[in-house]
Amino acid sequence: MFLFENTLKQISNAARVMSADSDLIKILSCPQRKIEVNIPIKMEDGTLKIFQGFRVQHNNFLGPYKGGIRYHEQVDMDEVIALSAWMTLKCAVVGIPLGGGKGGIIVNPKLLSESELEKLTRKYIDLIAPVIGPETDVPAPDVNTNSKIMAWIADEYSKLAGKDAKGVVTGKPLEAGGSKGRDSATAQGGVYVLNKYANEIGLKPSETRVIIQGFGNAGGIVAKLLEDIGYNIVGVSDSQGGIFCDSGINTSELMQCKKGEGTVKGCTLRENITHLKDDAKCEVVTNEGILEKECDILVLAALENQITGKNADNIKAKIILELANGPVTPEADEILNKKGIVAIPDILANAGGVTVSYFEMLQNAGNNYWSSEDVAVKLKDTMTKAWEEVSANAKKYGCNLRVAAFVTAIERIQGKFLQQGKS
Ligand code: GLU
């Protein structure tokens, strides 16, 4: 099953409940442009390696294409198309004037030296430069890419453009024109939305047990934010495995340990595990196994296709917060619905990242930089409005939050589409 089929199913589920324009649905069902590049790199051992890269521009009805670049061994064109379409819908759901795009390179960046990684990034940008730009298509970080890589992109593109064009990319370090609050934006946006839902249903953080799958950019930060509010984090995992402790984990200590050990699993093997509470009963679990453990909220902050038709029935959480893109398949969705499990969908839950990316674009264009407080207020405002619209649509159409989020997004794109003419 191809990942983009999941996206198409989600779009058609939404189109069925709303009065969707059938021409628009056809247009959203394929990307506007897809590019494949072959990037030759002279490695430090003297060999020449060719890396395959992609950039997909799904739709730009609402504004310039926008979306991250992923470095991963499992990247392929189909995945990048699906991720680019989710970006179109994500930007629309939070009401920012941007379209959707995504990029990727088939590579395990951990196997490259820093200078090989820099060469690969710069050459990839040289190859896609004709189709990106501050007003055309603006990349950002995604899985295994970070602010340092974004700084290389801004520099390389500016050299090619012959002028300062740092607005070509977001997620840059502050010193290179980044925005305050961008690092924590995905997690923070998810927490704002979760808080709204938690208030609606009267959830008490101190009595709520949370499991987090993924302990990287988004998962690591969400752990801290939730712990600060008073939630009890009982399980954490990364791609190598995880730990589940019935009485809770001190995730800041665990993060400290992971920085040294490299993995969560490495920390479960140590004698002096300071991140566990005294009387904790703990179990070492796999990255898949942790999904099925007892908890109230399951935060998915790793990769796509984590909850599928195969394991959905074993999920014990009552609420799922999707900080990753596409972590729950449409088949799983049906099972979760029947079980009464509420999924706060990716295109809403993780939209904080691209929202602060948009703020970064505004700051770069105006050459005027905002305080952390200003970013936080505007992010909270954007996420709160999006939550309210999605939740109102869920009631209006009698559907779950995922369908409602897609409806909200498609309605917004449709407004522009019908007004600008159909072809
Ligand atoms: N990669 C992030 C996402 O999937 C951020 C995209 C961006 O900031 O453009 O939403």
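See the structure shown above.
Predicted model only: the values in this text are computed from it and were never measured.

Caption draft 1: Structural context of the pairing of strand β7 (residues 209-213). Counting buried positions along β7 gives four out of five residues, so the element sits mostly inside the fold. Pairing between β7 and strand β8 (residues 232-238): five bridges, direction parallel. The residue bridging arginine 209 from the neighbouring strand is asparagine 232, located in β8. Crossover connection from β7 via helix α7 (residues 217-229) to parallel β8: handedness right-handed. As paired strands, β7 and strand β11 (residues 297-300) are joined by four bridges and run parallel to one another. Residue pairing for β11: valine 210 is matched across the bridge by isoleucine 297.

Caption draft 2: Spotlight on the site of the ligand. Close to the ligand lie 14 residues, the nearest being Lys66, Lys90, Pro141, Asp142 and Ser357. Contact distances for the ligand include 3.1 Å between an oxygen atom and a side-chain N or O atom of lysine 102. Within the contact set of the ligand, a nitrogen atom lies 2.8 Å away from a side-chain nitrogen or oxygen of aspartate 142. The fraction of the free accessible surface of the ligand (290 Å²) that becomes covered by protein chains is 94%. Elements supplying a minimum of two residues to the shell around the ligand: α3 (77-93) and α12 (352-366).

Caption draft 3: A look at unusual backbone geometry. Of note, asparagine 144 is a non-glycine position whose phi angle comes to about 65°, a positive value. One can find asparagine 144 in the loop between β6 (137-138) and α5 (147-161). Exposure remark for asparagine 144: the relative accessible area of 32% places this residue in the partly exposed category. Unlike most non-glycine residues, asparagine 305 shows phi in positive territory, near 55°.

Caption draft 4: Representation of the sheet that holds strand β4 (residues 69-72) within the structure. Spatial strand order, β1-β2-β5-β4: four strands in an open sheet with mixed pairing. The open sheet has two free edges, formed respectively by β1 (33-42) and β4, since each of these has just one partner strand. Here the average twist between neighbouring strands, direction ignored, is 20°. Both β1 and strand β2 (residues 48-59) contribute to a ladder of ten bridges, which runs antiparallel. Within β2, the position partnered with lysine 42 by the bridge is leucine 48. In this fold α3 packs onto β1, β2, β4 and β5 (100-106), with an angle of close to 150° to the strand it touches most, β5.

Caption draft 5: The arrangement of the side chain of glutamate 304 in detail. Inspection of the secondary structure assignment puts glutamate 304 in the loop between β11 and β12 (319-322). Looking at glutamate 304, its side chain comes within polar contact range of the side chain of arginine 70, at 3.1 Å. Residue contacts for glutamate 304: discarding those within four places in its chain leaves Leu3, Arg70, Glu79, Asn325, Gly326 and Pro327.

Caption draft 6: Quick peek at the environment of isoleucine 221. Counting through the fold element by element, isoleucine 221 comes out in helix α7. Sequence-wise, isoleucine 221 and glutamine 188 are 33 residues apart; in three dimensions their C-alpha atoms are separated by 8.1 Å. Each residue touching isoleucine 221, except ones within four places of it in the same chain, is listed here: Asp183, Ser184, Ala187 and Gly216.

What counts and how
- Residue indices begin from 1 for each chain and proceed along its sequence in written order.
- A pLDDT threshold of at least 70 governs which residues receive local features in this predicted model, and a stricter bar of 80 or more applies before side-chain atom pairs are shown or counted, although totals over entire chains, interfaces and linings include all residues.
- Note that the side-chain values use all heavy atoms of the structure and ignore hydrogens as well as water.
- Working definition: with a 1.4 Å probe on protein chains only, accessible area under 20% of the residue-type maximum means buried, over 50% means exposed, and in between means partly exposed.
- Where helices and strands are cited, they refer to DSSP runs of H or I of at least four residues and of E of at least two residues respectively, numbered from the N terminus.
- By this definition, two strands are paired if DSSP reports at least two bridges between them.
- Clockwise travel from the first strand over the helix to the second, with the strands pointing away from the viewer, marks a crossover as right-handed.
- For this purpose, a residue is taken to be near a molecule or strand whenever a single non-hydrogen atom of the residue falls within 4 Å of it.
- Throughout this description, a polar contact denotes any pair of N or O atoms lying within 3.5 Å of each other; where both atoms belong to protein, one of them has to be capable of donating a hydrogen while the other can accept it, and for residues adjacent in sequence the pair is counted only when both atoms sit in side chains.
- Only the protein chains shown count as cover for residues, with accessible areas throughout obtained via the Shrake-Rupley method and a probe of 1.4 Å.
- Axis lines are fitted to C-alpha atoms, over the contacting stretch for helices. Their N-to-C directions set the angle, which ranges from 0 to 180 degrees.
- Any two residues having at least one pair of non-hydrogen atoms within 4.5 Å are treated as being in contact.

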